[in-house]
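Coordinates in review
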Amino acid sequence: MPQHELPKPDHEAAHGPVFKVLGPLEVWDGDRRVNPGGVRQRHVLATLLIYADRVVPVNRLIRAVWDEEAPDTAGNQVRKMIWNLRRRLPGSVRILTEAPGYRLVLSEGQLDARTFETLLGRAGTAVTEGRAEEAVEHLSRALKLWRGRALSGLSGAVVGSGGRDLDERRLIATERLVDLRLLNGEARALVPDLYSLVNAHPLHEGLRERLMLALYRIGRRADALQVMAQGRAELVELGIEPGTGLSRLQERILRDDPGLMLPEPEPEPVAGPGPGPGPGPGPEPEAGPGPVPGTAPQSGDEPDCDPAAAPVPASAWTVDGTTGNVSPAAEATVATAADRGRDHGSLPYDLKDFTGRRRELDALLALGAAVTDRAPTIVTLTGMPGVGKTALAVHAAHRLSAAFPDGRLHLDLQGLTPHSGPPTLAEALRHLLLTLGTPAGDVPDDLDARLIAWRRAVAGRRVLMILDGVVDTATVRPLLPGTGGCLVVVTSRTVIGNLDGAVPIHLGPLSEEEAVGLLGSIIGTHRIGDAGEARDLAAVCGRLPLALRIMGARLNSRRAWSLAQAVRRLRRHDLRLRELTLADRSVATGIGQCYRGLSPAQQRMLLALRAAPSGSIDERTAARLAGVSAAEAEDALEGLVDACLLQSLPQPGGYALPELVRSFAVQESATSRPGPTPAQTQLPPRTGPRPTEGRATPPGNRPRPDGARRRGPAARRSAA
């Protein structure tokens, strides 16, 4: 694979320097390689390229260089790095100063990542128009642009997340190319590349399915089953079983389902006296460029479809040559050529062991089934961090997929990629348009035009949307479809009270029976010898699905632990939240994000409640603990209820503090204070900086977008 050449689409020759991010960061001015400077300047340039033609705030550039350990002079140092980049890069490169940061201006062909996206868009268009060979050519050219992992050699949260996003796009392109070549009868040529891909991504079930299908089609049935056995072993180590797609494909291989094979070509008609014989079977097609090994795995969005009937990639634009044996999940997208390319989805994978929530799930399914063309149906799912809002929304969305054939979209408003911040409205609209199949080159740059393009793209289509991690209604309203036929599920850690026409569903902890059942599905029912110990463990986990899953994973990795031992560790407030943290999953992180969104008065109240007795808390007790008046206490308590950090009890004026939130308050009070309280006897003076000092004001500290006043307990219950 040549590294000195940057293939470009026709008529898109670069005018000026070329920036390469699909591998190590490189800058080329003609045949001359340009040195952009030291490691820190490379991080600044990489960030400007990730957000090319968009303003990058200085704070984001600071995080790109230093993460969370920036010196006091970071802002001045970034400005100096920008000056050095302007001096080092060719004179035609424009880095504009635009509040609140800088913008790198690029033209077509100057950035290999944009060329890659253009080729992917052209491939998608070719597929929808039935030009599969042309699509293969575009995808092959797109993948030849890659020289390794995106932005390899650079680290940090900002650049790392941008690189991972690009790597995921590479893997999607690879899957699309594999699918097209499988449909073209190139299974034998694909097997070596698929083995390399599966070895590089052993947990990627979609790649494993494609390898099994290719092996089966060339007569290697035993090898296909061996690939399944190896995949099961990898997954069982994590305490999970293979997904529906793998299991279904294994069953079909075991029974030699004829639908796994490509249909035989129609026989060539006998030549008559006149010209015009029909198309014959033709020669064996040549093997096109194979998928590129070493691509980055996706973040878990694996489609629940049957690769044997039609190997459908994540975006589900697939050319299908079969006429039967299509799985239920795929039949809406591959039944006819006219439907090709219409189905688009970005749902995360469904949980095989999803447990409980029968009442809420039934309500969601009923609302989805009752969607009309008059107006979109909007549902809000609220609850404290870790209660399972996203899991329920995704589970219901998969169950409702057949009712929304034009798209099932998931938009994470906490960040489009791991470790990234909340997307801007422009970024969110771009993400939605791309997911619905809009070519990257057709996404307008102007925000107003992008809004219009989004509403036009969704108009008249049956689309299900999950807007995940919403902070306030101002974030949601511009993203809502303008016509009916759509279901929008909004998840939020705070009560959303001003989204007109929305159906509210609030999630509390699981019931005791559901919590014990979920625990058993994770660690195995054979390990729950004493039901009382299982109930105790569920209780100290607050009956939160996230806490139960983390503790279940710990128990799976510590076979010598008993349930009683786990309970003893979790009963200690100083250990509880540490035990409920595993890799990138943490109960404390979610609670902490909610805490930082509170006003200072609400923060002080939450810390004061750590000393409250278990059970019911009334306004007088809270006022005494926080050293404030009863009216101030009620306002702060209601704010905590709105933030889903405090439970409102049926009896008037009664509240309950979840024990996991109490543990967070104990932990937080030992490290920081939001400010001194009037009752110095109850809360000692602050000894450290406020959590929000020196930072941008978090969303929760801004004025309430709906202008609504806090509601008292009676009003809340009547509204519910």
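Calculation notes
Residues numbered from 1 in each chain as written. Predicted model: local features only at pLDDT ≥ 70, side-chain atom pairs only at ≥ 80, totals over all residues. Heavy atoms only, no water. Helix = DSSP H or I, 4+ residues; strand = E, 2+ residues; numbered from the N terminus. Buried < 20%, exposed > 50% of the residue type's maximum accessible area, 1.4 Å probe, protein only. Contact = heavy atoms within 4.5 Å. Areas by Shrake-Rupley, 256 points an atom, 1.4 Å probe, with all protein chains shown as cover. Polar contact = N/O pair within 3.5 Å; in protein donor to acceptor, adjacent residues only side chain to side chain. Core = buried A, V, L, I, M, F, W, Y, C linked by side-chain atoms within 4.5 Å. Pairing = 2+ DSSP bridges. Patch = residues over 30% accessible without salt bridge, like charges linked within 9 Å, V, L, I, M, F, W, Y side chains within 5 Å. Salt bridge = Lys/Arg side-chain N within 4 Å of Asp/Glu carboxyl O.

Take the overall build of the protein chain next. Assigned secondary structure in the protein chain consists of 27 helices and 15 strands. Split into buried and exposed, the 720 residues of the protein chain put 51% on the buried side. A separation of at least 24 residues holds for 70% of the contacts in the protein chain among residues at least 6 apart in sequence. For the protein chain, the computed accessible surface area is about 32,200 Å², with 51% contributed by carbon and sulfur atoms.

Let us look at the side chain of Arg170. Looking at where Arg170 falls in the secondary structure, it is placed in helix H6 (residues 157–183). Within the local environment of Arg170, its side chain forms a polar contact with the backbone oxygen of Gly148, the two atoms lying 3.5 Å apart.

Core analysis: the biggest nonpolar cluster contains 82 residues, and Leu537, Val587, Met605 and Leu609 have the highest contact counts within it. With sequence-adjacent residues up to four places away left out, Leu537 is seen in contact with Leu519, Met551, Leu555, Leu563, Ala566, Val567 and Leu570. With 55 residues, the next largest nonpolar core counts Leu48, Val93, Val127 and Leu154 among its residues.

The next point concerns the pairing of strand E7 (residues 377–382). Of all six residues in E7, six are buried; the element is thus mostly enclosed. Burial along E7 is two-sided: the residues Thr377, Val379 and Leu381 and Ile378, Thr380 and Thr382 are all buried. In the sheet, E7 pairs with strand E10 (residues 487–492) via six bridges, with the strands oriented parallel. Pairing of Leu381 across the sheet is with Thr491, part of E10. Across four bridges, E7 lies against strand E11 (residues 503–506) in parallel orientation. Looking at E11, one finds that Val379 is bridged to Val503.

As a further point, take a nonpolar patch on the surface. Nonpolar side chains collect at one region of the surface, where Leu203, Leu238 and Ile240 lie side by side and expose about 270 Å² of accessible area between them. Relative to the helices and strands, Leu238 is located in the loop between helix H9 (221–236) and helix H10 (244–254). When its relative accessible area of 51% is taken as the criterion, Leu238 is described as exposed.

The next point concerns the pattern of salt bridges. A full pass over the atoms with the stated rule returns 24 salt bridges. The partner of Asp256 in a salt bridge is Arg221, with the nearest N and O atoms 3.2 Å apart. Placement of the pair is Asp256 in the loop between H10 and helix H11 (328–334) and Arg221 in helix H9, with a sequence separation of 35 residues. Its relative accessible area of 32% is what places Arg221 among the partly exposed residues. The salt bridge involving Arg535 is made with Glu512; its shortest N-O contact spans 3.9 Å. Here Arg535 is found in helix H18 (residues 531–540), whereas its partner Glu512 is found in helix H17 (residues 512–523), with 23 residues between them in sequence. Within this structure, Glu26, Arg33 and Arg147 form a network of salt bridges that share partners.

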